[in-house]
Amino acid sequence: MKLSRDLTCAEVVELVTEYLEGGLSARDRERFEEHLGFCDWCVTYLDQMRQTVDAAGRLREEDLDPELQDALIEAFRGWRAG
Amino acid sequence: MTEVAPTLDERALVVAVRAGDEAAFRRLIAEYGPAMLRVARRHVSDHAIAEEVVQEAWLGVLRGLERFEGRSSLKTWVFRILRNTAISRAEREGRTVPFSSLDGDGGDDHAVEESRFQAEGRWAGHWAAPPEAWSPEARLLDGETRGVVERTIAELPRAQAIVISLRDVEGFSPEEVCNVLEISESNQRVLLHRARSRVRAALEDHLGERPGP
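Keep in mind that this is a model prediction, so the values were computed, not measured. (Residues numbered from 1 in each chain as written. Chains lettered and ligands numbered in written order. Predicted model: local features only at pLDDT ≥ 70, side-chain atom pairs only at ≥ 80, totals over all residues.)

## Section: the domain arrangement of chain B
Residues and elements named next belong to chain B.
Line of reasoning, step 1. The domains assigned to chain B are domain 1 (10-92) and domain 2 (114-207).
Line of reasoning, step 2. Averaged C-alpha coordinates put domain 1 and domain 2 at centres separated by 28 Å.
Line of reasoning, step 3. Taken together, the contacts link 11 residues of domain 1 with 11 residues of domain 2.
Line of reasoning, step 4. Of all elements in the fold, only α2 (22-43) and α4 (74-92) reach the threshold of two or more residues within the side of domain 1 that touches domain 2.
Line of reasoning, step 5. Here the side of domain 1 that touches domain 2 is composed, by residue class, of three nonpolar, three polar and five charged. (Domains from an automatic or database assignment. Contact = placed C-beta atoms within 7 Å. Helix = DSSP H or I, 4+ residues; strand = E, 2+ residues; numbered from the N terminus. Nonpolar A, V, L, I, M, F, W, Y, C, P; charged D, E, K, R; others polar.)

## Some details on unusual backbone geometry
Residues and elements named next belong to chain B.
Line of reasoning, step 1. The backbone of E182 shows a phi angle near 55°, a positive value even though the residue is not glycine.
Line of reasoning, step 2. Within the secondary structure layout, E182 lies in the loop between α7 (174-181) and α8 (185-207).
Line of reasoning, step 3. Look at E182 and you get exposed, because 12 C-beta atoms sit within 10 Å. (Buried ≥ 20, exposed ≤ 12 C-beta atoms within 10 Å, placed from the backbone.)

## Observations regarding the nonpolar core
Line of reasoning, step 1. Grouped together as the largest cluster of nonpolar side chains are 51 residues, with contacts concentrated most on M36, A40, V54, L82 and V163 of chain B.
Line of reasoning, step 2. Ranked by residues supplied to this core, first place goes to α2 of chain B with nine residues.
Line of reasoning, step 3. The two domains that each donate at least three residues to this core are domain 1 (10-92) and domain 2 (114-207) of chain B.
Line of reasoning, step 4. Not counting the four nearest positions on each side in its chain, M36 of chain B is found in contact with V54, A57 and L82 of chain B.
Line of reasoning, step 5. With 13 residues, the next largest nonpolar core counts V16 and Y45 of chain A together with A111 and F117 of chain B among its residues. (Core = buried A, V, L, I, M, F, W, Y, C linked by C-beta atoms within 7 Å.)

## Concerning the interface of chain A and chain B
Interface size is often expressed as the accessible area that is lost when the parts come together.
Line of reasoning, step 1. Each partner contributes to the interface: chain A provides 36 residues, whereas chain B provides 42 residues.
Line of reasoning, step 2. With 12 residues, helix α3 (residues 40-57) of chain A is the largest single contributor of residues to the side of chain A that touches chain B.
Line of reasoning, step 3. Looking at the side of chain A that touches chain B residue by residue, the classes come out as 17 nonpolar, nine polar and 10 charged.

## Here we look at helix α5 (residues 143-155) of chain B
Line of reasoning, step 1. In this model, α5 of chain B (13 residues) spans 18 Å end to end at C-alpha, consistent with the 18 Å of a helix rising 1.5 Å per residue.
Line of reasoning, step 2. Along α5 of chain B, the residues classified as buried are V149, T152 and I153 of chain B. The buried residues of α5 of chain B occupy an angular sector of 100° when the element is viewed end-on, so they sit on one face. Opposite the buried face of α5 of chain B, at more than 90 degrees from it, the exposed residues are G143, E144, G147, R151, A154 and E155 of chain B.
Line of reasoning, step 3. Lining the buried residues of α5 of chain B we find α3 of chain A together with α6 (158-169) and α8 of chain B. (Expected span 1.5 Å × (residues − 1). Arc of directions from axis to C-beta.)

## Notes on the confidence of the model for chain B
Residues and elements named next belong to chain B.
Line of reasoning, step 1. Taken over all residues, the pLDDT of chain B has a mean of 87, while the share at 70 or more is 87%.
Line of reasoning, step 2. The model gives residues 1-6 a pLDDT under 50, and that stretch makes 11 contacts with residues more than four places away or in other chains.
Line of reasoning, step 3. Low pLDDT, under 50, characterises residues 100-104; the stretch is placed with four contacts to residues that sit more than four places away or in other chains.
Line of reasoning, step 4. This prediction of the complex comes with two scores: 0.89 for pTM and 0.90 for ipTM. (pLDDT = per-residue confidence, 0-100.)

## Quick notes on the packing of helix α4 (residues 66-80) of chain A against α2 of chain B
Line of reasoning, step 1. At their nearest, the axes of α4 of chain A and α2 of chain B sit 11 Å apart, and the two run at 140° to each other. When the axes of α4 of chain A and α2 of chain B are compared, the pair comes out oblique. The element α4 of chain A and its partner α2 of chain B pack so that their crossing is right-handed. Between α4 of chain A, through Q69, L72 and F76 of chain A, and α2 of chain B, the contact on the second element is made entirely by E22, F25, I29 and G33 of chain B.
Line of reasoning, step 2. Residue classes in the contact of α4 of chain A with α2 of chain B are distributed as four nonpolar, two polar and one charged. (Axes fitted to C-alpha atoms, helices over the stretch in contact; angles between N-to-C directions. Parallel < 35°, antiparallel > 145°, perpendicular 65-115°, else oblique. Left-handed = near helix turned anticlockwise from the far one by under 90°.)

## Brief notes about the environment of V148 of chain B
Residues and elements named next belong to chain B.
Line of reasoning, step 1. With respect to the secondary-structure elements, V148 resides in helix α5.
Line of reasoning, step 2. V148 sits 32 residues away from V180 along the chain, and the two C-alpha atoms are 27 Å apart.
Line of reasoning, step 3. Every residue in contact with V148, bar those within four places of it in the chain, is listed here: A202, L203 and H206.

## Remarks on the packing of α3 of chain A against α8 of chain B
Line of reasoning, step 1. Two elements in contact, α3 of chain A and α8 of chain B, have axes whose closest approach is 9 Å; the angle formed by their N-to-C orientations is 95°. One element, α3 of chain A, and the other, α8 of chain B, form an angle in the roughly perpendicular class. In this structure, α3 of chain A uses Q48, M49, T52, V53, A55 and A56 of chain A to contact α8 of chain B, whose residues at the interface are R196, V199, R200, L203 and E204 of chain B.
Line of reasoning, step 2. Each residue belonging to the contact of α3 of chain A with α8 of chain B can be placed in one class, and the counts come to six nonpolar, two polar and three charged.

Encoded structure:
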């Protein structure tokens, strides 16, 4: 993405993922960070996107249902028996 | 970026499972099974069908193990089998939305409602209704918030739901997601951006300051 002037907040919120993914060119990253330097609201927004990623990661806390696990082991034994 | 280092010695595990080692198979399903079920749920909404998809995928893994050459990581290979199994199951169920299609994702989709930015003047495009920091942070950790995240992801267009699940829930790298779903890096990023933006908005609704009583 090419940006020719100072970023607006509306543009920053669309670039956040590319920024976090390391997908911005050096020049655009500089512009993005320059904006953050004077815009606390966009800093808050960026924080919230990071918190969102963390919150999604907490859905991971789950073990496999024992019944499904047993079914899989049965399938494995069947496969092994040929 | 590189693929996340495998937490298992994949090669040794594959050899052991091929040889019929049940303990090795148990390790394999402990490692990938829970994630496979969660991802299957994004493909087919019904829990019982998702479980069947996972079982079918494991049979595919076992049958394919002889041919597994380690050209992709075991994880990528397993999740690609899961994806293919889920897609053909969804087709049998009459759900045939092409996966990579961005259509139906809401087209003109802004991360934040346009009305929250100033429409004109010197500060056009800057915040009119800026976000407020979430506090206390502990609320981000509670069960209610977790439910909001879960429901929001479940309601996303399918491709977005699968990408955010693989990336942010299961912790796959961008490369792994592209390999599993056979989509481009830029497509992956667009889907992830839309998904994260929507989840953030839902969290903002949930955690935001509300007028006092």
